[in-house]
Structure formats: C-alpha cells, structure tokens
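What the coordinates show
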Amino acid sequence: MLQFLQLNAEWICAIAIVFFTAIQCYISHSQYKQELRLRRLNLAKQMDEACIIYKFDKESIQKIVDWFNKNQSQFMYLLNEKDLKHYNIFQELLKELHKHNLTFDEAIPIYRKLLVNLDVALLNANYGIRKLKKVKKQKPQTYTWDEIINS
C-alpha cells in the first residue's frame, strides 16, 4: 500500500487540488449569489422606506420619483429585463400620479399593488452570475393608464 501511494503521489495530489479548486469555485459562486440577494433585500427595504407616503400630493410624489431616479442603476443591475418591467410600470404610475391629483382612496390600491409587485420581483430574484447579461441601451417604455392599472 505504501509503495502504491509513493508511486502515485503526484496523481493523488493533482486530484486533491482539482477537488479543492472545485469546492472553492462553488463557495465563491454561492457567496456572490448571497451578496446579490442581500443587495436586493437592502434595496427593497430602502424602497419601502422611501415609498411610505400618506398623501399623494405633488411634493411627496416628487420625493419618491427622486429616490427612484437616484437608485435606477441599482434596479438595472439587480433585476433582469423581465423583472425590470415592474420597475418601469411603477415609474409610469408615479408620472401619472404626479400629473393627476387623485384622491388617496383612488390612488392607494393601485400604488400598493404595483409597489408589492416590484418588491416581489426584487425579493424573488435568485439569478446570479450566469444570468446577468450585458446592459443594453434602455428604450423608455410608455404605458397607458389602463396598462398600469391592469398590470
């Protein structure tokens, strides 16, 4: 047995190194995905704090729009194209709320629904390294009021 180990020591070490490297790659990948999930959770928490408004006047809506504009690159980085649709629809809702003076009772159901959709998209995203794609030039998408309500 000792002679076998001495004759094959190089192969045994090579196999151990390959196994160790594979485990290190797996751990690194898992840590990266965990970091992305924590960043998404942190962004969702900040979004919830920024979006707590009790009146839908132009000043409070402008503060939310400013917050979303300030964090747009984070949304683009942390969400894929399919989930980024929820962000775009929420942005359109904010534009519509800024244009029209809706009452609290009219605005809150739509606002709450779209905010929850965006939260769910952020918190359920589990894609990581392999599914991130090169950022394309974003075309501004416009949604009608009916599309916003029905989304």
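Residues numbered from 1 in each chain as written. Predicted model: local features only at pLDDT ≥ 70, side-chain atom pairs only at ≥ 80, totals over all residues. Heavy atoms only, no water.

What follows concerns the confidence of the model for the protein chain. Per-residue pLDDT for the protein chain averages 83, and the proportion of residues at 70 or more is 84%. Per-element mean pLDDT across the protein chain ranges from 66 in helix α7 (residues 145-150) up to 92 in helix α2 (residues 9-50). (pLDDT = per-residue confidence, 0-100. Helix = DSSP H or I, 4+ residues; strand = E, 2+ residues; numbered from the N terminus.)

A separate point is the pattern of salt bridges. Inspection of the entire model under this criterion finds four salt bridges. The residue Lys45 makes a salt bridge to Glu49 at a minimum N-O spacing of 3.4 Å. Placement of the pair is Lys45 and Glu49 together in helix α2, with a separation of four residues, close to one helical turn. A salt bridge links Lys63 to Glu59, with the nearest nitrogen and oxygen atoms 3.9 Å apart. Of this pair, Lys63 and Glu59 are both found in helix α3 (residues 58-70), four residues apart, which corresponds to roughly one turn of the helix. Here Lys63 matches Glu59 in class, with each residue exposed. (Salt bridge = Lys/Arg side-chain N within 4 Å of Asp/Glu carboxyl O. Buried < 20%, exposed > 50% of the residue type's maximum accessible area, 1.4 Å probe, protein only.)

Below, the discussion takes up a nonpolar patch on the surface. Residues Met1, Phe4, Leu5 and Ile12 make up a contiguous nonpolar surface patch of roughly 440 Å² in combined accessible area. By secondary structure assignment, the location of Phe4 is in helix α1 (residues 2-7). (Patch = residues over 30% accessible without salt bridge, like charges linked within 9 Å, V, L, I, M, F, W, Y side chains within 5 Å. Areas by Shrake-Rupley, 256 points an atom, 1.4 Å probe, with all protein chains shown as cover.)

Compared with the 30 Å implied by 1.5 Å per residue over 21 residues, the 29 Å span of helix α6 (residues 104-124) between its first and last C-alpha is a close match. Those residues of α6 not exposed but buried are Ala107, Ile110, Tyr111, Leu114, Leu115, Leu118, Asp119, Ala121 and Leu122. (Expected span 1.5 Å × (residues − 1).)

With 13 residues, α3 should cover 18 Å at 1.5 Å per step; its first-to-last C-alpha distance of 18 Å lies within 8% of that length. Where α3 is buried, its residues touch α2, α4 (72-78), α5 (81-99) and α6. (Contact = heavy atoms within 4.5 Å.)

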